[in-house]
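Okay, here's what each chain looks like letter by letter:
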Amino acid sequence: MKKKEHISDSELEAYIIQTYYSGDSNKDDQDITIEEHLSECDTCAQKAHQIYQDMKTLSDWNVFTDNQILINVNVYKALETLEHQSTDAQVKGRLHRWIKDFKGLAGGSLKLMMDMYSQGKRKATRLMTEGLEKLNALNPIHFDYEVELAPSRNGKSEMVVNFNKIKSENTQTPLTVHLDKKRKDLRIQYEADETKDLPWVLLLPSKAPGSAQLKEPVYDQKKNRWEIVFTDIDEGEYILLFEPDYMM
Ligand SMILES: [Zn+2]
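Below, the structure is looked at part by part. Residue positions are given per chain, counting from 1 as you read along its sequence in written order. The model is predicted, so local features are restricted to residues of pLDDT at least 70 and side-chain atom pairs to those at 80 or more, both for listing and for counting; the totals for chains, interfaces and linings are taken over all residues.

1. Some thoughts on the pairing of strand S11 (residues 236–242)
The condition is simple: Put simply, a residue is buried when 20 or more other C-beta atoms lie within 10 Å of its own C-beta and exposed when 12 or fewer do; between those, it is partly exposed, and each C-beta is set from the backbone. Only runs of H or I of at least four residues qualify as helices and only runs of E of at least two qualify as strands under DSSP, and these elements are numbered from the N terminus. Pairing between two strands requires that DSSP report at least two bridges joining them.
For S11, the tally of buried residues reaches five of seven residues, placing the bulk of the element in the interior. Relative to S11, strand S7 (residues 201–205) runs antiparallel, the two being bridged by five bridges. Paired with Leu203 across the two strands is Leu240, which belongs to S11.

This is the structure in structure tokens:
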């Protein structure tokens, strides 16, 4: 592609949504053509950088200006409901501990958007590490985004965050969280052997706290790791809470 054939705003926006916000990492020929152009055209690289920044600001604003006390009440109720519904003594025991000893506070919390409109436009799928700190018990897991190369202001590549992949920062056991729009799933993986006792995870839709799901890690013999998979995640906002007080 020659320099004079600049990429249109809508193509750039579609490329950025696809690459950084959709949770879909497959690249097609069009994406590769755009990447080649961005690597040699400062004008388009600068525009791409600006669109990326604008979208990041939009999606940061979008969710969870909610009252965290209200969210905590919803978490508490969800845990109580799950405890009542469960017939499994181990599940009941863990939920009871989470409710009684920790008042529904978590050992780490994330927010997520699945295919959400931000400010009435641009669909976004992403995880968010900030904004739910008040839902955490003492010594929570800290999370950070994975970073990847992206076009920058001067046409060179720079490291930017991938909003769909998160890792733990302060655990001995490597922990990753990956949200995938195409598969409509959320995968939580712990790199630990079979003997490890690891936190269970609660997924709470912010609009329908009654349909919260609690899942325990399942050990994968072949891959030598633990995994929790939430499937068929509908469009909307969610919070993801890790069971409190686990030495990882
Ligand atoms: Zn250009």
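That covers the picture; the talk isn't over yet.
2. As for the nonpolar core
What tends to happen in soluble globular proteins is that the nonpolar side chains get buried as a cluster. The following threshold applies: When buried Ala, Val, Leu, Ile, Met, Phe, Trp, Tyr and Cys residues are joined through C-beta atoms within 7 Å, the set is termed a nonpolar core. Any residue pair is listed as a contact if its two C-beta atoms, each placed from the backbone, are within 7 Å.
Core analysis: the biggest nonpolar cluster contains 56 residues, and Leu112, Leu204 and Leu241 have the highest contact counts within it. Not counting residues within four places of it along the chain, the set of residues in contact with Leu241 comprises Val75, Ala106, Ser109, Leu135, Val201, Leu202 and Leu204.

3. Points about the environment of Thr129
Along the chain, the position of Thr129 falls in the loop between strand S2 (121–128) and strand S3 (143–151). Owing to 19 C-beta atoms within 10 Å, Thr129 belongs among the partly exposed residues under this scheme. Sequence-wise, Thr129 and Leu112 are 17 residues apart; in three dimensions their C-alpha atoms are separated by 8.9 Å. Not counting the four nearest positions on each side in its chain, Thr129 is found in contact with Leu110, Phe143, Asp144, Tyr145 and Ile166.

4. Concerning helix H4 (residues 68–85)
Keep this limit in mind: In this scheme, a helix's expected span is set at 1.5 Å multiplied by one less than its residue total. Relevant arc is that of directions from the helix axis to the C-beta atoms, nothing else.
An ideal rise of 1.5 Å per residue puts 26 Å on 18 residues; H4 measures up with 25 Å between its terminal C-alpha atoms. Every buried residue of H4 is listed here: Ile71, Asn74, Val75, Ala78 and Leu79. Buried residues of H4, seen end-on, are gathered within an arc of 135° and therefore sit on one face of the element. Set apart from the buried face of H4 by more than 90 degrees, the exposed residues are Ile69, Leu70 and His84. Along its buried surface, H4 packs onto helix H5 (89–102), S7 and S11.

5. Let's talk about the pairing of strand S10 (residues 225–230)
Taken together, the five bridges between strand S6 (residues 185–190) and S10 define a ladder with antiparallel strand orientation. For Gln189, the partnering residue across the bridge sits in S10 and is Glu227. As defined by bridge partners, strand S9 (residues 218–220) adjoins S10 across three bridges and the pair is classed as antiparallel. By the bridge assignment for S10, Asp220 is matched with Arg225. A loop of four residues connects S9 with S10, the two strands running antiparallel in sequence, and Asn224 in this loop sits at a positive phi of about 55°.

6. Some points on the packing of H4 against H5
The line we're drawing: Only the stretch in contact is used when fitting a helix axis, every axis being a line fitted to C-alpha atoms; angles between N-to-C directions are given from 0 to 180 degrees. Note on terminology: angles under 35 degrees are roughly parallel, angles over 145 are roughly antiparallel, angles of 65 to 115 are roughly perpendicular, and the others are oblique. In this scheme, a crossing is called left-handed if the near helix is turned counterclockwise away from the far one by less than a right angle; it is called right-handed if the turn is clockwise. Gly is placed with the polar residues, together with every amino acid not listed as nonpolar (Ala, Val, Leu, Ile, Met, Phe, Trp, Tyr, Cys and Pro) or charged (Asp, Glu, Lys and Arg).
Running from N to C, H4 and H5 point in directions that differ by 155°, and their axes come no closer than 9 Å. By the angle between their axes, H4 is roughly antiparallel relative to H5. Along this stretch, H4 crosses H5, giving a crossing that reads as left-handed. Residues Tyr76, Leu79, Glu80, Leu82 and Glu83 of H4 lie in contact with H5, whose contacting residues are Lys92, Leu95, His96, Trp98 and Ile99. Considering only residue class, the contact of H4 with H5 consists of six nonpolar, one polar and three charged.

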